[in-house]
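# Coordinates in review
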Amino acid sequence: MKHFVSMKNLSEHELLQLIKLADEISSQGLQPFSEQLFVANLFFEPSTRTKMSFTVAERRLGMDVLDFASESSSITKGESVYDTAKTFESIGASLIVIRHPETNICTQLAEKLSIPVINAGDGTGEHPTQSLLDLLTIYQEFGKFKGVKVAIVGDIKHSRVARSNAYALRTLGAEVVLSSKPDWQDDTLEYPYVSIDDAVETSDVVMLLRIQHERHTGNEQLTNQTYLEQYGLTQAREKNMKPGAIIMHPAPVNRGVEIDDRLVECNRSRIFKQMSNGVSVRMAIIKRLLEDGGIMNANSFNEREVASR
Ligand code: NCD
């Protein structure tokens, strides 16, 4: 694996290997690298979880983090994203993590840079590291993907999380259904659309999505309460979920909109578990990329310390 920019072209074997590595890291930790390695975190869009869990993952691996704020960088002088990334490569970064509003930008950068690129969310394109942490959460719960039914629910059209998960869950053989307000459907995803009641009652995983207000152009007329009642997870609907079924959401959560406030931390919810899994998953991806790229080998770990979760 040279870069980690999309879930589309990863094989079942590659996905399972990464999930199992992340699972192992989450229970046993991982020794930090013994040599000095720099990583550049280039975030051009707001982020709490993704940015901070990358930072924790990188520091646990013993890496030096080059933190970048576009508003105080040469981007304000008109420098391109490519030249910015190339600068970090030139000054010695071994890896670039990037979040940017432009769809596909990570794939373009990956073609031009010689160091690994990780997509931390590209516009409405993909969010492969979020997807991998979602997959780890499902794997820890059910131990498999075949025979597990996942409902992806909400603003599918504008969600990069939905897209990455739709691709990966197909590769892994899970059953997937989609449920959305009609104008937020994405017909390029080849899965059936069902009603919210059907999705909730028949699935093992109810994966909710945030309404992506920042990506909408028209005026959305629904009030929060109406959206929740028509398309969201209400307390009444949760009572109809299958025994053992779980609730997921990539967060940030609009409490009382996609999901009733009282369900965010209920027994079925794995929302905060997803966040913890984000650290191990990102450690696993970084380790794999640096090893596969010949940037470090398995002996580069420091035996004195163990970077636990
Ligand atoms: C997601 C994102 O940025 O796409 N958030 C995240 O990384 N956990 C989902 C969202 O913002 O709705």
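Position numbers for residues start from 1 in each chain and track the written sequence from start to end. Only residues with pLDDT of at least 70 get local features here, since the model is predicted, and only at 80 or more are side-chain atom pairs given and counted; chain-wide, interface and lining totals rely on the full set of residues. Computation of side-chain values covers all heavy atoms of the structure but excludes hydrogens and water.

Taking strand neighbours across the sheet as the criterion, the four strands line up as β6-β5-β7-β8 in an open arrangement whose pairing is parallel. Here the strands that pair on one side only, and so sit at the sheet edges, are β6 (175-179) and β8 (246-248). Averaged over neighbouring strand pairs, the angle between their axes works out to 20° when direction is ignored. Pairing of strand β5 (residues 149-153) with β6, which is carried by five bridges, proceeds in the parallel orientation. Bridged to Val150 within β6 is Val176. By definition, residues are in contact when any of their heavy atoms lie within 4.5 Å. To obtain each axis, a line is fitted to C-alpha atoms, and for helices this fit is confined to the stretch in contact; angles are then taken between N-to-C directions over 0 to 180 degrees. Each helix corresponds to a stretch of at least 4 residues labelled H or I by DSSP, and each strand to a stretch of at least 2 residues labelled E; elements are numbered beginning at the N terminus. Its contacts with the sheet put helix α6 (residues 160-172) on β5, β6 and β7 (205-208), and the angle it makes with β5 is roughly 160°. Should DSSP find at least two bridges between two strands, the strands are taken to pair.

The rule for a residue being near a molecule or strand is that one of its heavy atoms must lie within 4 Å of it. Neighbouring the ligand are Arg49, Thr50, Arg99, His127, Gln130, Arg160, Val161, Arg210, Gln212, Pro250, Ala251 and Pro252. In protein, a polar contact requires one atom able to donate a hydrogen and another able to accept it; more generally it is a pair of N or O atoms within 3.5 Å, and residues adjacent in sequence count only if both atoms are side-chain atoms. Between the ligand and the protein, one listed contact pairs an oxygen atom with a side-chain N or O atom of Arg99 at 3.1 Å. Within the side chain of Gln212, an N or O atom sits 2.7 Å from an oxygen atom of the ligand. Considering the ligand on its own, with 320 Å² of exposed area, one finds that the protein chains cover 94% of that surface. Looking at the shell around the ligand, the elements that each hand over two or more residues are α2 (49-60) and α6. Where accessible areas are quoted, they stem from the Shrake-Rupley method and a 1.4 Å probe; at the residue level, only the protein chains shown are allowed to cover.

Turning our attention to the side chain of Ser53. One can find Ser53 in helix α2. The class for Ser53 is buried, based on a relative accessible area of 7%. Not counting residues up to four positions away in its chain, the partners in contact with Ser53 are Gly278, Val279 and Arg282. Here the term buried applies to any residue with accessible area under 20% of the maximum for its type, exposed to any over 50%, and partly exposed to those in between, with areas from a 1.4 Å probe on protein chains only.

A few words on helix α4 (residues 105-112). Buried within α4 we find Ile105, Cys106, Leu109 and Ala110. One face of α4 carries all of its buried residues, which in axial projection span an arc of 135°. For α4, the exposed residues set more than 90 degrees away from the buried face come down to Glu111 and Lys112. Contact partners of the buried residues in α4: α3 (81-90), β3 (93-100) and β4 (117-122). Regarding the arc, it is the one traced by the directions from the helix axis to the C-beta atoms.

On to the packing of aromatic side chains, then. Given two aromatic rings, one states the distance between the centres and the angle between the planes to describe the pair. Only centres within 6.5 Å qualify two rings of Phe, Tyr or Trp (six-membered ring in Trp) as a pair; their planes then separate them into stacked at under 30 degrees, edge-to-face at over 60, and tilted for everything else. Under the definition given, this model contains five aromatic pairs. Here the aromatic rings of Phe44 and Phe68 are separated by 5.3 Å at their centres, their planes lie at 55°, and the arrangement is tilted. Of this pair, Phe44 sits in the loop between β1 (38-43) and α2 while Phe68 sits in strand β2 (residues 64-69), placing them 24 residues apart in sequence. Of the two residues, Phe44 and Phe68, neither departs from the other in class, the shared state being buried. When the ring of Tyr227 is compared with that of Tyr231, the centres are 5.6 Å apart and the planes differ by 45°; the resulting orientation is tilted. Note that Tyr227 and Tyr231 are positioned in helix α8 (residues 224-231) at a spacing of four residues, about one turn of the helix. Take Tyr231: its relative accessible area is 21%, and that puts it in the partly exposed class. These aromatic residues form a ring-pair network of at least three members: Phe44, Phe68 and Phe88.

Time to look at the pairing of β1. Counting buried residues along β1, five of its six residues qualify, which places the element largely inside the surrounding structure. What joins β1 to β2 is α2, and the crossover it makes is right-handed. Bridging between β1 and β3 involves six bridges; their strand directions are parallel. In the strand pairing of β3, Leu42 is matched with Ile98. By definition, the crossover connecting two strands over a helix is right-handed if that path, from the first strand to the second, turns clockwise as seen with the strands pointing away from the viewer.

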